[in-house]
Amino acid sequence: MSHGGQRRAALVAEARMWIGTPYLHRASLKGVGADCLGLVRGVWRAVIGPEPEPLPAYAPDWAEASGIEQLAAAGLRHLVPLAVNEARPGDVLLFRWRAHLPAKHAAILVAPDRMVHAHDGAAVAEVHLAPWWRRRTAYAFAFPGA
């Protein structure tokens, strides 16, 4: 397996280790609490290394309030942009809740049709990348070296 393939396998394995972590806004501690960004941050720390920038303050309605693609901009700063249809296990997907709003939800693809994500009111879970999610996928990114 290539170095990139090994890194992808490590990213998928780490994302799955977060399953069951309770949802907690702005948190990123496996088994204790995480939001969707916290899951991506925690997987980054475990597989890539120290986080590349400090976490800015954000409220649950930050995307609606700002109207700015802040999550996508952070992805462009630190991850490798991909066409959505090129995403592979180990990649990050960003979703829009509505077509006119910025992307504000993140998940890690763990199989061609499965993702791990954290959302309000539920623990981190592995779910089917159903048509509902596919229609809302706005961006895809690879972790560095994957």
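Summarised in this report is the structure supplied together with it. (Residues numbered from 1 in each chain as written. Predicted model: local features only at pLDDT ≥ 70, side-chain atom pairs only at ≥ 80, totals over all residues. Heavy atoms only, no water.)

### Details of the nonpolar core
Inference 1: Counting residues in hydrophobic clusters, the biggest one holds 25 residues, and the most contacted among them are Leu39, Val43, Val92, Leu94, Ile108 and Phe143.
Inference 2: Contributing elements (two or more residues each) for this core: α1 (3–17), α2 (36–47), α4 (70–78), β4 (92–95) and β5 (105–111).
Inference 3: Looking at this core element by element, the count peaks at 6 residues for α2.
Inference 4: Once residues within four sequence positions are removed from consideration, Leu39 is found in contact with Ala15, Trp18, Ala34, Ile108, Val116, His117, Ala118 and Val124.
Inference 5: Core analysis: the second largest hydrophobic core is formed by 9 residues, Phe95, Ala107, Leu109 and Leu129 among them. (Core = buried A, V, L, I, M, F, W, Y, C linked by side-chain atoms within 4.5 Å. Buried < 20%, exposed > 50% of the residue type's maximum accessible area, 1.4 Å probe, protein only. Helix = DSSP H or I, 4+ residues; strand = E, 2+ residues; numbered from the N terminus. Contact = heavy atoms within 4.5 Å.)

### Observations regarding the sheet that holds strand β7 (residues 125–128)
Whenever strands of a sheet pair, they do so through backbone hydrogen bonds, lying parallel or antiparallel.
Inference 1: Taken in spatial order, the 6 strands make up an open sheet running β3-β8-β4-β5-β6-β7, and their pairing is antiparallel. Each of the sheet's edge strands pairs with one partner strand only, and the pair in question is β3 (80–82) and β7. Ignoring strand direction, the axes of neighbouring strands in this sheet form an average angle of 35°.
Inference 2: With 4 bridges connecting them, β4 and strand β8 (residues 137–142) associate as antiparallel partners. Paired with Phe95 across the bridge in β8 is Thr137. (Pairing = 2+ DSSP bridges. Axes fitted to C-alpha atoms, helices over the stretch in contact; angles between N-to-C directions.)

### A few points about the packing of α1 against α2
Inference 1: The interhelical angle for the contact between α1 and α2, taken along N-to-C directions, is 130°, at an axis separation of 10 Å. One element, α1, and the other, α2, form an angle in the oblique class. Crossing geometry of α1 relative to α2 is assigned as right-handed. Where α1 abuts α2, its residues Arg7, Ala10, Leu11, Glu14 and Ala15 lie against Leu39, Val43, Ala46 and Val47.
Inference 2: Its residues placed into classes, the contact of α1 with α2 shows 7 nonpolar, no polar and 2 charged. (Parallel < 35°, antiparallel > 145°, perpendicular 65-115°, else oblique. Left-handed = near helix turned anticlockwise from the far one by under 90°. Nonpolar A, V, L, I, M, F, W, Y, C, P; charged D, E, K, R; others polar.)

### Quick notes on the pairing of strand β6 (residues 114–117)
Inference 1: Both β5 and β6 contribute to a ladder of 4 bridges, which runs antiparallel. Each bridged residue has a counterpart across the sheet, and for Ile108 the counterpart in β6 is Val116.
Inference 2: Hairpin connection of β5 to β6: 2 residues between the antiparallel strands.
Inference 3: One ladder, built from 4 bridges, connects β6 with β7; its direction is antiparallel. Bridging across to β7, Met115 finds its partner in Val127.

### Things to note about the packing of aromatic side chains
For any pair of aromatic rings, geometry is given as the distance between the ring centres together with the angle between the planes.
Inference 1: On inspection of all chains with the given rule, the structure shows 6 aromatic pairs.
Inference 2: The interplanar angle of 55° and the centroid separation of 5.7 Å between the aromatic rings of Trp97 and Trp133 together place this pair among those described as tilted. Of the two residues, Trp97 is situated in the loop between β4 and β5 and Trp133 in helix α5 (residues 131–136); the sequence distance between them amounts to 36 residues.
Inference 3: Relative accessible area serves as the criterion here: at 27%, Trp97 is assigned to the partly exposed category.
Inference 4: Look at Trp132 and Trp133: their rings are 4.9 Å apart centre to centre, the planes differ by 85°, and that puts the pair in the edge-to-face class.
Inference 5: We classify Trp132 as partly exposed; its relative accessible area is 36%. (Phe/Tyr/Trp six-rings, centres within 6.5 Å; stacked < 30°, edge-to-face > 60°.)

None of the figures reported here should be taken as evidence of function without further support.
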